[in-house]
Amino acid sequence: MAHTSYSPDRPWPAPTAQAPLDAVVEVPGSKSLANRELVLAAIADAPGVIRKPLIARDTALCEAALVALGAEIVHAEGQLHVAPASLGEMTGEVSIDCGLAGTVMRFLPPLAALTKARVRFDGDEAARLRPMAAVLDALEVLGVTIERENGDALPFTVVGRGEVAGGALTIDASKSSQFVSALLLAAPLFTDGLTLRHEGAELPSLPHIEMTLACLRARGVNAQATGTASWRVEPGSIGARELTLEPDLSNAEPFLIAAIIAGGLVSIPSWPATTAQVGAQLAHLLPRFGAVCSLDQHGVFRCDGGDGILSGARPDGVELDLSEAGELAPNLAVLCALCSTPSTLRGIGHLRGHETDRLAALATELTKIGASVEVLDDGLRITPGEPPSGTTHWHSYADHRMATSGALLGLAIPGIRVDDIACTSKTMPEFPTLWAGMLSRKAEVAE
Ligand SMILES: O=C(O)C1=C[C@@H](OP(=O)(O)O)[C@@H](O)[C@H](O)C1
Ligand SMILES: C=C(OP(=O)(O)O)C(=O)O
């Protein structure tokens, strides 16, 4: 897999923006769609094809896990061909590396439960801190044996019996919507399907659950929300598909925000007219910071940052509820630190269980660049300050969105060094190249 030559020992000098931008950025495929479609293709009733597949660490791990469970996956001429697994026939000892991918550690255990194998899951050191209880407890309630080595977290072994009865289940998904998605994705193969209910403080990232339902329905599965926090998936076969992956709209975010900081225009082609991706919310989130956003009939999404923050035109701070769009929060937090007045981001307490504790990480790193950050129960209060001169070491915490946040700050603040830009390979190995390409395209400045 493509990696940059930067590493924690060789920090990435984040480039500053020298002029307003005029760039077209082709963003690779959606991680969330890719790993849902990979999982569904691997348990479908016939072979399928994914065009424009995402080639990144999270998808590579998902593919390897599905192959370990018996699927056949072949990359050929920019397409991915998937021959489904016969889960019920799989026996023996299987080992699955989840890396740091939430979608792998949550989506794969219910599939493992449908095998007759012992499937051990582990991942990066940081992955062992990510919440898993709701999926593990749910599988146990459904009669699956889980051998736990670390309490509620990775590593653990799923001991499959070749079938899962399904039926009615209540879980607490307040720490991650992926618990709900994980169970819904496997539910058509449960003998009685699944009637699932969330009971808990809040339910984050609702659009990601809607994405799961949409992916299931596109394959002929009867999958519905039956209330604001309840769902029903009927048992039955999962249809095979040939599909083209949409670009990752959440990974478009740092490029679009770059236009707000540097000024000028950033365009993203192939933006879907309708989509289940939460990144579509950027169309109304970015105008809160003064951008003008539009989507034309050819599928080009444009973010016009006008003169840009670098010209001295700093937008007012914002009050945002990001409970639906938590994955957009780190890059928006950076933008808040460059505003003229304080901002509050709410609805994102669950970011403590993401790739790192993102609330703590953002507070620590933004403080280094002069902001005052208060960590709230469910978010962050960010008061902009005076950036230091000299070098600032921006720590990525192995988190791709912390790394892109550092790159964004570097546009405005000289001397930012991102310690691990290569961790963007989790969902977008091309990030450093795309970033450099974007910055090399400057707007014509009228004399
Ligand atoms: O299902 C998915 O693809 C995702 C769901 C969300 O997780 P949480 O509900 O844990 O925030 C999101 O933040 C993550 O980036 C991807
Ligand atoms: C939370 C994220 O990832 P994951 O799918 O690993 O949960 C993310 O990409 O912001």
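Calculation notes
Residues numbered from 1 in each chain as written. Chains lettered and ligands numbered in written order. Predicted model: local features only at pLDDT ≥ 70, side-chain atom pairs only at ≥ 80, totals over all residues. UniProt positions renumbered as here; feature names shortened; annotations may be inferred. Buried ≥ 20, exposed ≤ 12 C-beta atoms within 10 Å, placed from the backbone. Helix = DSSP H or I, 4+ residues; strand = E, 2+ residues; numbered from the N terminus. Contact = placed C-beta atoms within 7 Å. Near = placed C-beta within 6 Å. Nonpolar A, V, L, I, M, F, W, Y, C, P; charged D, E, K, R; others polar. Axes fitted to C-alpha atoms, helices over the stretch in contact; angles between N-to-C directions. Parallel < 35°, antiparallel > 145°, perpendicular 65-115°, else oblique. Pairing = 2+ DSSP bridges. Core = buried A, V, L, I, M, F, W, Y, C linked by C-beta atoms within 7 Å. Domains from an automatic or database assignment.

An unreviewed UniProt entry annotates the protein chain as 3-phosphoshikimate 1-carboxyvinyltransferase originating from Pseudoclavibacter albus. The protein chain has a UniProt comment under Catalytic activity (unreviewed entry) that states "3-phosphoshikimate + phosphoenolpyruvate = 5-O-(1-carboxyvinyl)-3-phosphoshikimate + phosphate". For the record of the protein chain, the UniProt heading Pathway (unreviewed entry) holds the text "Metabolic intermediate biosynthesis; chorismate biosynthesis; chorismate from D-erythrose 4-phosphate and phosphoenolpyruvate: step 6/7."

The buried count for helix H9 (residues 329-337) comes to nine of nine residues, which makes it a mostly enclosed element. For H9, every residue scored as buried is listed here: Ala329, Pro330, Asn331, Leu332, Ala333, Val334, Leu335, Cys336 and Ala337. Where H9 is buried, its residues meet helix H7 (249-262), helix H8 (282-285), strand E19 (343-346), helix H10 (358-368), strand E21 (379-383) and helix H11 (400-412).

On to unusual backbone geometry, then. Backbone geometry follows two general trends: most residues other than glycine have a negative phi, and most peptide bonds adopt the trans configuration. Geometrically, the link from Leu154 to Pro155 is a cis peptide bond, its omega value of -5 degrees lying close to zero. Here Glu77, not a glycine, exhibits a phi torsion of approximately 50 degrees, which is positive. Tracing the backbone shows Glu77 in the loop between strand E4 (72-76) and strand E5 (79-83). For Glu77, a count of 6 C-beta atoms within 10 Å corresponds to the exposed category. At Ser270, a residue that is not glycine, the phi angle is positive and equals roughly 65 degrees.

This part takes up the site of ligand 1. Around ligand 1, the structure places 13 residues, and the nearest of them are Ser32, Ser176, Ser177, Ser205 and His208. Listing elements by their share of the shell around ligand 1, those giving two or more residues are helix H3 (102-112) and helix H5 (178-186). Of the residues that constitute the shell around ligand 1, the class distribution is one nonpolar, eleven polar and one charged.

With that settled, the discussion passes to the UniProt feature "binding site: phosphoenolpyruvate" (unreviewed entry) in the protein chain. Here, the residues flagged by UniProt with the feature "binding site: phosphoenolpyruvate" (unreviewed entry) are Lys31, Gly102, Arg130, Gln178, Arg358, Arg401 and Lys426. Apart from residues lying up to four places away in sequence, Lys31 is in contact with Leu54, Ala56, Asp58, Thr59, Asp248 and Thr427. Arg130 sits in the buried class, given 24 other C-beta atoms within 10 Å. The contacts of Arg130, once residues within four sequence positions are left out, are Gly102, Met105, Ala153 and Gly353.

With that out of the way, let us pick up the packing of helix H1 (residues 31-42) against helix H2 (residues 57-68). Where H1 meets H2, the axes come as close as 10 Å, and the angle between the chain directions of the two elements is 10 degrees. On the basis of their axis angle, the class for H1 and H2 is roughly parallel. Of the residues in H2, those touching H1 at Lys31, Ala34, Asn35, Leu38, Val39 and Ala42 are Asp58, Thr59, Cys62, Glu63 and Leu66. When the residues that make up the contact of H1 with H2 are grouped by side-chain class, the tally is six nonpolar, two polar and three charged.

Turning to the pairing of strand E16 (residues 292-295), a few remarks are in order. Relative to strand E17 (residues 301-304), E16 is paired through four bridges, and the arrangement is antiparallel. The residue bridging Ser294 from the neighbouring strand is Arg302, located in E17. From the end of E16 to the start of E17, which pair antiparallel, there are five residues, and Gly299 there has a positive phi angle of about 80 degrees.

Quick look at the nonpolar core now. Of all hydrophobic cores here, the largest spans 155 residues; its most connected members are Leu184, Ala258, Ile261 and Ala333. Top contributing element to this core by residue count: H7, with ten residues. Counting contributing residues, this core receives three or more from each of domain 1 (12-29 + 246-440) and domain 2 (31-232). Not counting chain neighbours up to four residues away, the residues in contact with Ala258 comprise Leu21, Val266, Leu408, Leu411 and Met438.

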